[in-house]
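Here is what each chain is made of, one letter per residue.
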Amino acid sequence: MSQELNQATVVAAMRHATGDVFSMMLGMEIQSLEAYRQPCKPERANGVIALIGLTGKWTGTGSLTCTGELARRISGRFLMSEFAAVDQEVLDAMGEITNMIIGNFKNALEEDAGPLGMSIPMVVFGHNFMAGTSQSVDWVVVPFACDGERLEVRACLSLQPEQPVRRRTLCVSGQ
């Protein structure tokens, strides 16, 4: 198995997963922009970032980032409501939307990466904060134009070394 997943496969899976969720669940149009790689290091952020851990032979993180304003509009479409501020409902909705996108992405990637598990999403909103992951591989970043703003879907995955299978013996004694 290659030490790196094919970037074209990763990008296509991210575009398809994001497009499906936005068209089917939100009734919103998005336009995919040019994908790129970015070093996987903490960086300054503003707005909403949702992170989901991925595990299996490949481990890493999938994420969605956007401004607070766009998060409010996306959440409003999802929950058929209006939000004056980024509150707990908006964060919960963005977590669920990220869960659907990264879940669809994960399912598409399993043909090449093998079975993958997902964590529950963690969603953060703020201004001038640092967000990062402990992965040492590059992020694959797929930006989208949505409702006049930018949304990014990202993933960084690394192949985990094979672990030897240990056999354990359980001894039970009775009286």
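Let me sum up the structure you'll find in this document.

1. Some thoughts on the overall build of the chain
In step 1: Looking only at helices and strands, one finds three helices and eight strands in the chain.
In step 2: Tracing the chain from N to C terminus, the helices and strands come up as α-β-β-β-β-α-α-β-β-β-β.
In step 3: The proportion of buried residues among the 175 residues of the chain is 44%.
In step 4: Across the chain, every contact between residues at least 6 apart in sequence was considered, and the portion connecting residues at least 24 apart equals 71%.
In step 5: When the accessible surface of the chain is split by element, carbon and sulfur atoms take 51% of a total near 10,000 Å².

2. Topic: the pairing of strand 8 (residues 149-159)
In step 1: The element strand 8 is extensively covered by neighbouring structure, given that 10 of its 11 residues are classed as buried.
In step 2: In the sheet, strand 4 (residues 58-66) pairs with strand 8 via eight bridges, with the strands oriented antiparallel. Pairing of Trp58 across the sheet is with Leu159, part of strand 8.
In step 3: Where strand 7 (residues 139-146) and strand 8 come together, seven bridges link them in antiparallel fashion. When the bridges of strand 8 are listed, Phe144 appears paired with Leu151.
In step 4: Counting the residues that bridge the hairpin from strand 7 to strand 8 gives two residues, and of these Asp147 lies at a positive phi of roughly 55 degrees.

3. With respect to the pairing of strand 3 (residues 43-56)
In step 1: Looking at chain direction, strand 3 and strand 6 (residues 122-131) are connected through eight bridges and run antiparallel. Residue pairing for strand 6: Ala50 is matched across the bridge by Val123.
In step 2: Note: strand 3 against strand 4, seven bridges, orientation antiparallel. The residue of strand 4 that forms the bridge with Ala50 is Leu64.
In step 3: Counting the residues between successive antiparallel strands, the hairpin from strand 3 to strand 4 contains one residue.

4. Points about the layout of surface pockets
In step 1: Taken as a whole, the largest pocket encloses approximately 330 Å³ of empty space.
In step 2: As for the largest pocket, its lining consists of 20 residues, of which Glu43, Ala45, Thr65, Glu152 and Arg154 are closest to the centre.
In step 3: Counting only elements with at least two residues in the lining of the largest pocket, the list comes to strand 3, strand 4, strand 6 and strand 8.
In step 4: With eight residues, the top contributor of residues to the lining of the largest pocket is strand 3.
In step 5: Partitioned by chemical class, the residues of the lining of the largest pocket number nine nonpolar, five polar and six charged.

5. Focus on the packing of helix 1 (residues 7-26) against helix 3 (residues 88-113)
In step 1: Their axes nearest at 8 Å, the elements helix 1 and helix 3 cross at an angle of 140 degrees. It follows from the interaxial angle that helix 1 and helix 3 lie oblique. For the element pair helix 1 and helix 3, the recorded crossing hand is right-handed. Here Thr9, Val10, Ala13, Met14, Ala17, Thr18, Val21, Phe22, Met25 and Leu26 of helix 1 lie close against helix 3, whose contacting residues are Ile97, Met100, Ile101, Asn104, Phe105, Ala108, Leu109 and Asp112.

Conventions we followed
Residues numbered from 1 in each chain as written. Predicted model: local features only at pLDDT ≥ 70, side-chain atom pairs only at ≥ 80, totals over all residues. Heavy atoms only, no water. Helix = DSSP H or I, 4+ residues; strand = E, 2+ residues; numbered from the N terminus. Buried < 20%, exposed > 50% of the residue type's maximum accessible area, 1.4 Å probe, protein only. Contact = heavy atoms within 4.5 Å. Areas by Shrake-Rupley, 256 points an atom, 1.4 Å probe, with all protein chains shown as cover. Pairing = 2+ DSSP bridges. 1 Å grid on protein atoms, 1.4 Å probe; cavity = no way out; pocket = protein on both sides within 12 Å on 5 of 7 lines; lining within 4 Å. Points joined across faces, edges and corners; volume = space filled by probe spheres on them. Nonpolar A, V, L, I, M, F, W, Y, C, P; charged D, E, K, R; others polar. Axes fitted to C-alpha atoms, helices over the stretch in contact; angles between N-to-C directions. Parallel < 35°, antiparallel > 145°, perpendicular 65-115°, else oblique. Left-handed = near helix turned anticlockwise from the far one by under 90°.

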